[in-house]
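Geometric and topological summary
Given next are the chains, with one letter for each unit.
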Amino acid sequence: MSEDDPLGFHRRWTRLKPPLRPDAQIIAAYRREIEGHKAHVLLLGVTADLADIGDATVAVDFNRKMIANVWPGDTDKRKALHGNWLDMPLQGRQFTAAIGDGVLAAIGFPQYQTFFSQLAGLLLPGARIALRLYETPEPGETVATVHDQTVQGKIAGFHAFKWRLAMAIAAETKQAAVPVSSIHQIFQREFPDRAALSAATGWSLETISEIDAYDNNPMIYHFPTRRELLANLPDNFSRPRFVTSGDYELAERCPLLVVDFRS
């Protein structure tokens with residue numbers, strides 16, 4: 001998480017598509033899973049598409065620029081707070097659901113215990129948790145496979161390509177943590193001719209240049225496998241299940257992790 005938004009999401013938000021940003025089918029999946037639990041929803045991040053998903057919604061985001069530029073504004077049914085998910089600016093059990101879109105990509109395994117403990121302190125017994133994941137498949141694919149699939153025009157979207165490349169790095173290094181600077185470095189190594197890449201994929205040079213936001217960037221993303229994720233869930237997060245979030249490109253690696261909170 002970064003307060004300064006070094007990847008510039010607040011500027012690029014309207015151009016983002018799945019798997020990075022929820023579309024109608026992802027929103028529908030969230031709605032189905034928190035049905036009966038939407039009286040008071042904790043939204044992790046200021047994902048504008050989910051701002052009105054609850055009867056009342058409180059969003060928490062560490063990035064002031066995202067709050068200022070992406071959040072659709074506070075109303076009597078929704079509000080956004082600046083705060084850290086590892087040290088919530090809230091107290092007391094008050095929420096009937098907690099949702100977050102890709103939030104675990106910003107949190108590493110050493111911090112999972114703190115994150116889940118923070119959630120537990122805010123959820124009412126029986127609350128529903130739904131988090132859309134970016135999970136590295138098992139067995140994972142190689143960077144070489146991603147390269148070949150890309151130049152053969154078999155990856156339609158640039159955002160899906162970036163995530164597949166990152167997940168391939170995670171699989172090859174056997175590390176869920178992937179520095180975004182390494183994604184840029186390997187992209188540069190594998191695709192030195194951007195004009196040729198554009199011709200092979202149909203991606204514009206402007207779209208391809210979005211990868212440069214990763215250059216020398218200190219952020220680290222995390223792409224755990226399903227097995228790694230389940231091993232880090234606390235005991236009071238019961239009945240974990242993985243629910244499809246749609247049929248968009250890479251949806252099979254972006255399920256909703258749905259659990260019930262048991263106090």
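Refer to the structure printed above.
Owing to the predicted nature of the structure, the values given are computational and were not obtained by experimental measurement.

**Considerations on the side chain of Arg132**
- Take Arg132: it is sitting in strand E5 (residues 123–132).
- Look at Arg132 and you get buried, because its relative accessible area is 1%.

**Quick look at helix H2 (residues 24–33)**
- Of the positions making up H2, those classed as buried are Ile26, Ile27, Ala29, Tyr30 and Glu33. Along the axis of H2, the buried positions cluster into a sector of 155°, meaning they face one direction only. Opposite the buried face of H2, by more than 90 degrees, sit the exposed residues Ala24 and Arg32.
- Residues of H2 that are buried sit in contact with strand E4 (95–101), E5, strand E8 (237–243) and strand E9 (256–261).

**Remarks on the sheet that holds E4**
- Pairing is mixed across the open sheet formed by 7 strands, whose spatial order is E3-E2-E1-E4-E5-E9-E8. Each edge of the open sheet carries a strand with a single partner, namely strand E3 (78–82) and E8. Each adjacent strand pair in this sheet contributes to an overall mean axis angle of 20°, direction not counted.
- Pairing of strand E1 (residues 41–44) with E4 involves 4 bridges; the strand directions are parallel. Paired with Leu44 across the strands is Gly100, a residue of E4.
- Together, E4, E5, E8 and E9 form the strand contacts of H2, whose direction differs from that of E5 by roughly 160°.

**Some words on the packing of helix H6 (residues 158–173) against helix H7 (residues 180–190)**
- With their axes 10 Å apart at the nearest point, H6 and H7 run at an angle of 100° to one another. In this view, H6 runs roughly perpendicular relative to H7, as classed from their interaxial angle. Contacts between H6 and H7 pair Phe161, Leu165, Ala166 and Ile169 from the former with Ser182, Ile183, Ile186 and Phe187 from the latter.
- The class makeup of the residues in the contact of H6 with H7 is 7 nonpolar, 1 polar and no charged.

**Quick word on the pattern of salt bridges**
- In the structure shown here, the tally under the stated rule is 13 salt bridges.
- With its nearest N and O atoms 2.7 Å apart, the salt bridge here joins Glu138 to Arg227. Placement of Glu138 in the loop between E5 and helix H5 (143–151) and of Arg227 in helix H10 (residues 226–231) is noted, with a sequence separation of 89 residues between them.
- Residue Glu141 pairs with Arg253 through a salt bridge whose shortest N-O separation is 3.0 Å.

**So, the environment of Gln152**
- Looking at where Gln152 falls in the secondary structure, it is placed in the loop between H5 and H6.
- Taking the C-alpha atoms as reference, Gln152 lies 7.8 Å from Thr201; in sequence the two are 49 residues apart.
- Looking at Gln152, its side chain comes within polar contact range of the side chain of Lys154, at 3.1 Å.

**Details of the packing of aromatic side chains**
- With the rule as written, the count across this model stands at 16 aromatic pairs.
- Look at Trp163 and Phe223: their rings are 5.2 Å apart centre to centre, the planes differ by 75°, and that puts the pair in the edge-to-face class. In this pair, Trp163 sits in helix H6 while Phe223 sits in the loop between strand E7 (220–222) and H10, placing the two residues 60 residues apart along the sequence.
- Of the residues examined, Trp163 reaches a relative accessible area of 3% and is grouped as buried.
- Looking at Phe223, the relative accessible area reads 1%, which means it is buried.

**As for the nonpolar core**
- Counting 58 residues, the largest nonpolar core has Ile99, Phe161, Trp163, Leu165, Ile183 and Phe223 as the members making the most contacts within it.
- At the level of elements, H2, E1, helix H3 (64–69), E4, H5, H6, H7 and E9 are the ones that each hand at least two residues to this core.
- Sort the elements by how many residues they give to this core and H6 lands first, with 10 residues.
- Each residue touching Phe161, except ones within four places of it in the same chain, is listed here: Val146, Thr150, Ile155, Phe187, Phe191 and Trp203.
- Counting 30 residues, the second-largest nonpolar core is a separate cluster that includes Val58, Leu86, Phe95 and Phe261.

Definitions and limits used
Residues numbered from 1 in each chain as written. Predicted model: local features only at pLDDT ≥ 70, side-chain atom pairs only at ≥ 80, totals over all residues. Heavy atoms only, no water. Helix = DSSP H or I, 4+ residues; strand = E, 2+ residues; numbered from the N terminus. Buried < 20%, exposed > 50% of the residue type's maximum accessible area, 1.4 Å probe, protein only. Arc of directions from axis to C-beta. Contact = heavy atoms within 4.5 Å. Pairing = 2+ DSSP bridges. Axes fitted to C-alpha atoms, helices over the stretch in contact; angles between N-to-C directions. Parallel < 35°, antiparallel > 145°, perpendicular 65-115°, else oblique. Nonpolar A, V, L, I, M, F, W, Y, C, P; charged D, E, K, R; others polar. Salt bridge = Lys/Arg side-chain N within 4 Å of Asp/Glu carboxyl O. Polar contact = N/O pair within 3.5 Å; in protein donor to acceptor, adjacent residues only side chain to side chain. Phe/Tyr/Trp six-rings, centres within 6.5 Å; stacked < 30°, edge-to-face > 60°. Core = buried A, V, L, I, M, F, W, Y, C linked by side-chain atoms within 4.5 Å.

None of the figures reported here should be taken as evidence of function without further support.
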